[in-house]
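So you can see what is in the structure, the chains are spelled out below.
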Amino acid sequence: SDPSRFFCACRVVKFRRTGESSRSEEDGISGEHEVQIEGVRTELEPVELGDGAAVPKEFANPTDDTFMVEDAVEAIGFGKFQWKLSVITGLAWMADAMEMMILSILAPQLHCEWRLPSWQVALLTSVVFVGMMSSSTLWGNISDQYGRKTGLKISVLWTLYYGILSGFAPIYSWILVLRGLVGFGIGGVPQSVTLYAEFLPMKARAKCILLIEVFWALGTVFEVLLAVVVMPTLGWRWLLILSALPLLLFAGLCFWLPESARYDVLSGNQEKALATLKRIATENGAPMPLGKLVVSRQEDRGKMRDLFTPHFRWTTLLLWFIWFSNAFSYYGLVLLTTELFQAGDVCISSRRQEVKAKCSLTCEYLTEEDYTDLLWTTLSEFPGVLVTLWIIDRIGRKKTMALSFLVFSFCSLLLFLCVGRNVLTVLLFIARAFISGGFQAAYVYTPEVYPTATRALGLGSCSGMARVGALITPFIAQVMLESSVYLTLLVYSGCCLLAALASCFLPIETKGRGLQESSHKEWGQEMVGRGSHSPGESQE
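What counts as what
Residues numbered from 1 in each chain as written. Predicted model: local features only at pLDDT ≥ 70, side-chain atom pairs only at ≥ 80, totals over all residues. Heavy atoms only, no water. UniProt positions renumbered as here; feature names shortened; annotations may be inferred. Helix = DSSP H or I, 4+ residues; strand = E, 2+ residues; numbered from the N terminus. Buried < 20%, exposed > 50% of the residue type's maximum accessible area, 1.4 Å probe, protein only. Contact = heavy atoms within 4.5 Å. Areas by Shrake-Rupley, 256 points an atom, 1.4 Å probe, with all protein chains shown as cover. Salt bridge = Lys/Arg side-chain N within 4 Å of Asp/Glu carboxyl O. Expected span 1.5 Å × (residues − 1). Axes fitted to C-alpha atoms, helices over the stretch in contact; angles between N-to-C directions. Parallel < 35°, antiparallel > 145°, perpendicular 65-115°, else oblique. Left-handed = near helix turned anticlockwise from the far one by under 90°. Nonpolar A, V, L, I, M, F, W, Y, C, P; charged D, E, K, R; others polar. Core = buried A, V, L, I, M, F, W, Y, C linked by side-chain atoms within 4.5 Å. Polar contact = N/O pair within 3.5 Å; in protein donor to acceptor, adjacent residues only side chain to side chain. Phe/Tyr/Trp six-rings, centres within 6.5 Å; stacked < 30°, edge-to-face > 60°. pLDDT = per-residue confidence, 0-100.

Per an unreviewed UniProt entry, the protein chain goes by Synaptic vesicle 2-related protein and derives from Serinus canaria. The record held by UniProt for the protein chain lists under Sequence similarities (unreviewed entry) the comment "Belongs to the major facilitator superfamily." Checking UniProt for the protein chain, the heading Subcellular location (unreviewed entry) contains the comment "Cytoplasmic vesicle, Secretory vesicle, Synaptic vesicle membrane".

Enquirer: Could you clarify how one ought to interpret the overall build of the protein chain in this entry?
Expert: Along its length, the protein chain carries 21 helices and two strands. Within the protein chain, the fraction of its 540 residues that count as buried is 59%. By sequence separation, contacts in the protein chain at least 24 residues apart represent 84% of the contacts at least 6 residues apart. Accessible surface, the protein chain: about 21,200 Å² in total, of which carbon and sulfur atoms supply 64%.

Enquirer: What exactly am I supposed to notice about the pattern of salt bridges here?
Expert: Between side chains of opposite charge, a pair can form when the charged atoms approach closely. For the structure shown, the criterion picks out ten salt bridges. Glu283 serves as the salt-bridge partner of Lys84, at 3.0 Å between the closest nitrogen and oxygen. Of this pair, Lys84 sits in helix H3 (residues 80-113) while Glu283 sits in helix H12 (residues 270-284); the two residues are 199 residues apart in sequence, bridging distant segments of the chain. We classify Lys84 as partly exposed; its relative accessible area is 34%. Residue Glu198 pairs with Arg455 through a salt bridge whose shortest N-O separation is 2.6 Å. One end of the pair, Glu198, is in the loop between helix H7 (191-197) and helix H8 (202-233); the other, Arg455, is in helix H19 (residues 452-483), and 257 residues separate them in sequence.

Enquirer: Please explain helix H18 (residues 421-449) as it appears in this structure.
Expert: The α-helix advances 3.6 residues per turn, and as a result positions three or four apart in sequence lie on the same side. Its 29 residues give H18 an end-to-end C-alpha distance of 42 Å, which sits within 8% of 42 Å, the value for a rise of 1.5 Å per residue. The buried fraction of H18 amounts to 23 of the 29 residues, a majority that puts the element mostly inside the structure.

Enquirer: Is there a simple way to think about the packing of H3 against H8 in this case?
Expert: The N-to-C vectors of H3 and H8 enclose an angle of 40°; their axes lie 7 Å apart at closest approach. Taken together, the axes of H3 and H8 lie oblique to each other. For the pair H3 and H8, the sense of crossing is right-handed. Residues that form the contact of H3 with H8 fall into these classes: 19 nonpolar, six polar and three charged.

Enquirer: Explain helix H17 (residues 397-414) here, please?
Expert: Across its 18 residues, H17 extends 26 Å between first and last C-alpha, which sits within 8% of the 26 Å expected from 1.5 Å per residue. Burial in H17 covers these residues: Arg397, Lys398, Thr400, Met401, Ala402, Ser404, Phe405, Phe408, Ser409, Cys411 and Ser412.

Enquirer: Can you walk me through unusual backbone geometry in this structure?
Expert: Negative phi is the rule for most residues except glycine; trans is the rule for most peptide bonds. For Arg115, which is not a glycine, the phi torsion comes out positive at approximately 50°. By secondary structure assignment, the location of Arg115 is in the loop between H3 and helix H4 (118-146). Taking the relative accessible area as the measure of exposure, Arg115 reaches 52% and is therefore exposed.

Enquirer: How should the nonpolar core be read in this particular structure?
Expert: It is characteristic of soluble globular proteins that their nonpolar side chains tend to be buried jointly. Of all hydrophobic cores here, the largest spans 141 residues; its most connected members are Met100, Ile175, Phe250 and Trp323. A per-element tally of this core places H3 first, with 17 residues. Setting aside its immediate chain neighbours within four residues, Trp323 contacts Phe439, Ala442, Tyr443, Thr446, Leu459, Cys462, Ser463 and Ala466.

Enquirer: Help me understand the packing of H3 against helix H10 (residues 245-253), please; the structure alone is not making it clear to me.
Expert: The geometry of a pair of packed helices is captured by two quantities: the angle between their axes and the separation between those axes. Contact pair H3 / H10: the axes reach a minimum separation of 8 Å and the direction vectors enclose 155°. When the interaxial angle is binned, H3 and H10 end up roughly antiparallel. In the crossing of H3 with H10, the sense of the turn from one axis to the other is left-handed. Facing Ile88, Leu91, Ala92, Ala95 and Met98 of H3, the residues of H10 in contact are Pro246, Leu247, Leu249, Phe250 and Leu253. For the contact of H3 with H10, a count of residues per class yields ten nonpolar, no polar and no charged.

Enquirer: Teacher, can you tell me more about the side chain of Thr220 here?
Expert: Relative to the assigned elements, Thr220 resides in helix H8. A polar contact of 2.7 Å, which involves the side chain of Thr220, links it to the backbone oxygen of Ala217. Every residue in contact with Thr220, bar those within four places of it in the chain, is listed here: Ala97, Met101, Tyr330, Thr378, Glu381 and Arg432.

Enquirer: Looking at this structure, how should I read the packing of aromatic side chains?
Expert: Note on aromatic pairs: each is described by the distance of the centres and the angle between the planes. The final tally for this structure, using the stated rule, is 22 aromatic pairs. Relative to Tyr443, the ring of Trp93 has its centre 4.9 Å away and its plane inclined at 85°; by these criteria the two rings are edge-to-face. Of this pair, Trp93 sits in helix H3 while Tyr443 is found in helix H18, placing the two residues 350 residues apart along the sequence. Each member of the pair, Trp93 as well as Tyr443, carries the same accessibility label: buried. A centroid spacing of 5.5 Å and a plane angle of 90° characterise the contact between Trp114 and Trp236, whose relative ring orientation is edge-to-face. With a gap of 122 residues between them, Trp114 in the loop between H3 and H4 and Trp236 in helix H9 (residues 236-242) connect regions that are remote in the sequence. Taken together, the ring pairs in this structure connect Trp93, Phe129, Trp216, Trp323, Tyr330, Tyr331, Phe439 and Tyr443 into an aromatic cluster.

Enquirer: In this structure, what is going on with the confidence of the model for the protein chain? I would like to understand it.
Expert: Caution applies to low-pLDDT regions: their predicted coordinates should not be interpreted in detail. Residues at a pLDDT of 70 or more form 77% of the protein chain, whose mean pLDDT is 76. Mean pLDDT across the secondary structure elements of the protein chain bottoms out at helix H21 (residues 535-538), with 35, and peaks at helix H6 (residues 172-186), with 91. Between residues 349-360, whose pLDDT stays under 50, and residues either more than four places distant or in other chains, the model counts 21 contacts.

Printed below as a string of structure tokens:
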């Protein structure tokens, strides 16, 4: 029969082999740590396992009298707590997406209003990414040293403050500095994924991190709709101020967020970790594992050299390139979309001459049709999420990333053909769906591949490399485009082909593995064969 149907009518999950004494020697030691959750009753009969019967996989570590955070998270499962956490983490993502999407809307507007040459328009986009790039690793470090919640709270409040302030910028140099500071704050938002992933059971992890990306798509769509309403009436200053709304909401809900139990255990704060796990179990109405919560070995947290140990060196370098290509292509496409739409319904080959003939100070405001098409290509992120969601647990993380890059590359090459506006919109739709899917797969893979001690730093450094790609991309998508459309498309297509190869060469596939607690263990040992370890081994 299906192992998932084994439940225990008692309030605490505990399995005993037939003939085994009901109290083991360790019970006396661990008795004080036993956790009983009141009010949790099920109507199923208790199950006693015969000799040699397999313990249901759903309950990690059922026979030891010690358990690790991974075991507790697996036993408690997915429930009410994770749903709430999904929405709160989602708000941080939504805000990040809106601050990014605003760049492609703000650029043509300021180009016209302040008569900026194209290099200054590109610089306005790049300065945001300079801020993100310079701060990503710093936020990762803060999250590994002082806690996920602390890092996230500071970065969100920082972004909120400078985001609202940039709406009052009187001149170009002011908005340049303020948007750079906004970028510095946004660099910390990916840490919400670190916090989120550490509370998710193994089976739900990929699906949940992908569904969080739905909030990113919602953010981009909301930003375009906000621009349609706000830009013609109130102008770009109000758009900047109103775009900070999700951050305001997130800042208000931040007090509810718990600190990561994995982080607490690693920093030696066992009681706090146990209290957090009890709170989740109570909220989910699920039982806690019996016994004593085991502390992983005390490690130096958040050291850059840990990313380059022989075990992780290749993974880190390949991931850096994958993240670089992801952001380079994704943001390049976002900026190209408005540029290509503004050129009108012309063939790309003739568009090149037309673009050449334009003075760099000639300006065109975004029309209603431009906004409509921008909305359509933005909506492509939803099918992107669905496609990735469908394939990521079937073909694995690495192949999902490789496939996304290949499809994007193919669509970029198709733009070489003489296409009308409708076909252009469709090709941009497909390309954006897949490149955003590739980004999502990278967000699932990266927290899974690094151990708890360096997880936030690993994700932060990858995110920093992504910002390097995003930093270069405006000069390709906005400046190089003026001299050659073909060369621009070729750069994006070539970069993604290389990234597809890099994805295939990644040494570790994380599909179906648990999150690694300690960097001293062989990769994936946490969940593979955990039942056979003695309690002493668990403490490694």
